[in-house]
Each structure stands twice: as structure tokens, then as C-alpha cells.
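Geometric and topological summary
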Amino acid sequence: LHEPARDGPAREQRVNLRLLAERVASAAALGSRGNVVVEAPDEWAVTDPDRLERALLNLLDNALKYTPEDAPVHLIVVREGDRLSVTVADRGPGVSPDILPRMFTPYTTDPSRSDGTGLGLNSVKRLVQDIGGQISYSRFREWTRFTITLPDLEEAKA
């Protein structure tokens, strides 16, 4: 993984999202009991790879922590017109309904879990906003999904 940029301005560059996803999946799986399945075509976008990698690594760490051992975590890249989405999908329990409205705010933790500082999802949100994207959460048919939607800056410049 790239050495993460600290709090400086976003450093945009042309990035192959499949290669970035594979790199982040490998890093997340190190020392983890689970595995990450990457579903990504060769899609190119202009973004800050350091910030995107840090956001995805945080989401994958959470997903691997809460997913049953026999269930893989999926990292999915999809192009939707002039936007790209990167989704972390898992079979874990999802976010407790009582904290959903504030899950991206600092120090929000799930009372049913004893670990965590409540800063991870807030950090993800800040990183994604820094690169002009949005983060969303959904739960459907026992799947938990966090989706980062990015503008394709390369397309915008064309």
C-alpha cells in the first residue's frame, strides 16, 4: 500500500481500481482469519489512491472482524455512468439499528460490542469526502454493504 498522505490536499492520479482493490484486499487479509473476494473489472479513475486505500482498509478490517469465519467478504467495483462505486459486502450482523442515524459521527460505538473507539467509520467518511465521494450503508437479505461512490474525475475532465 502507498504511504498514506496525512492531512494534506488530495493527491489525484489515474488509478486502476482493480489493482487498488486487490492490493487493499491482500493487506486486509494479512493476519486475518477471513478472506476477501475481489470482483472488479479493469476500471480506471482519477482519485487520491492513498485516501481511498485507507477508507477501504478500514471497511475491510471491520467486515473481516464481524463476518463468520466461513463467509468471504466481497470487494466489488462497478461503473454506473460517470460514477464509480466500490462496495464492501459481508455476511456479518450489520450496524445496530439504534446507532444507524449517527454511525458516521465520532465516538459512536455499538453497545453490544466491546471493542472499538467509534472513530473508524467517521475516518472513512472524512477520507471519502476528501476525494469528492460519498459513503452509504445498506442491509439487505443478511448482507451488510458499505458503498463508496466516487466521481470519475477523468471523465469530468474529458
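Overview of the structure. Just so it is clear, the structure is predicted and the values come from calculations on it, not from any experiment.

Some points on the packing of helix α1 (residues 17-29) against helix α2 (residues 49-66)
It is at 9 Å that the axes of α1 and α2 come closest, and there the two elements cross at 45°. Considering their axes alone, α1 and α2 lie oblique with respect to each other. The two elements α1 and α2 cross, and the hand of that crossing is right-handed. Of α2, the residues touching α1 (which contributes L17, L20, R23, V24, A25, A27, A28 and A29) are P49, L52, E53, L56, L57, L60, D61 and L64. Of the residues assigned to the contact of α1 with α2, the class counts are 13 nonpolar, no polar and 3 charged.

Observations regarding the environment of R11
If you trace the backbone, R11 turns up in the segment before β1 (13-16). For the pair R11 and I131, spaced 120 residues apart in sequence, the C-alpha separation works out to 9.0 Å. Polar contacts involving the side chain of R11 include one to the side chain of D50, which spans 2.9 Å.

Notes on the pairing of strand β6 (residues 134-140)
Regular strands show a simple pattern: their side chains alternate between the two faces of the sheet. With 7 bridges joining them, β6 and strand β7 (residues 143-151) adopt antiparallel strand pairing. Each residue of the ladder has a partner; that of R139, found in β7, is T144. The turn joining β6 and β7, which pair antiparallel and follow one another in sequence, is formed by 2 residues; a positive phi near 50° is taken by R141.

Re the side chain of H74
As for its placement among the helices and strands, H74 is situated in strand β4 (residues 73-80). Of the polar contacts made by the side chain of H74, one reaches the side chain of E39; its length is 2.5 Å. Among all residues touching H74, those that are not within four sequence positions of it are V37, E39, T87, V88, A89 and W143.

Some words on the packing of aromatic side chains
The geometry of two aromatic rings is summed up by the distance between their centres and the angle between their planes. Summed over the entire model, instances satisfying the criterion amount to 2 aromatic pairs. An angle of 85° between the planes, with centres 6.4 Å apart, marks the rings of F104 and F146 as edge-to-face. On the criterion of sequence distance, the pair formed by F104 in the loop between β5 (83-90) and α3 (120-130) and F146 in strand β7 is long-range, its members being 42 residues apart. Assessed through its relative accessible area of 9%, F146 is described here as buried. A centroid spacing of 5.0 Å and a plane angle of 55° characterise the contact between Y137 and F146, whose relative ring orientation is tilted. Classification of Y137 by relative accessible area gives buried; the value is 18%. Taken together, the ring pairs in this structure connect F104, Y137 and F146 into an aromatic cluster.

Conventions adopted
Residues numbered from 1 in each chain as written. Predicted model: local features only at pLDDT ≥ 70, side-chain atom pairs only at ≥ 80, totals over all residues. Heavy atoms only, no water. Axes fitted to C-alpha atoms, helices over the stretch in contact; angles between N-to-C directions. Helix = DSSP H or I, 4+ residues; strand = E, 2+ residues; numbered from the N terminus. Parallel < 35°, antiparallel > 145°, perpendicular 65-115°, else oblique. Left-handed = near helix turned anticlockwise from the far one by under 90°. Contact = heavy atoms within 4.5 Å. Nonpolar A, V, L, I, M, F, W, Y, C, P; charged D, E, K, R; others polar. Polar contact = N/O pair within 3.5 Å; in protein donor to acceptor, adjacent residues only side chain to side chain. Pairing = 2+ DSSP bridges. Phe/Tyr/Trp six-rings, centres within 6.5 Å; stacked < 30°, edge-to-face > 60°. Buried < 20%, exposed > 50% of the residue type's maximum accessible area, 1.4 Å probe, protein only.

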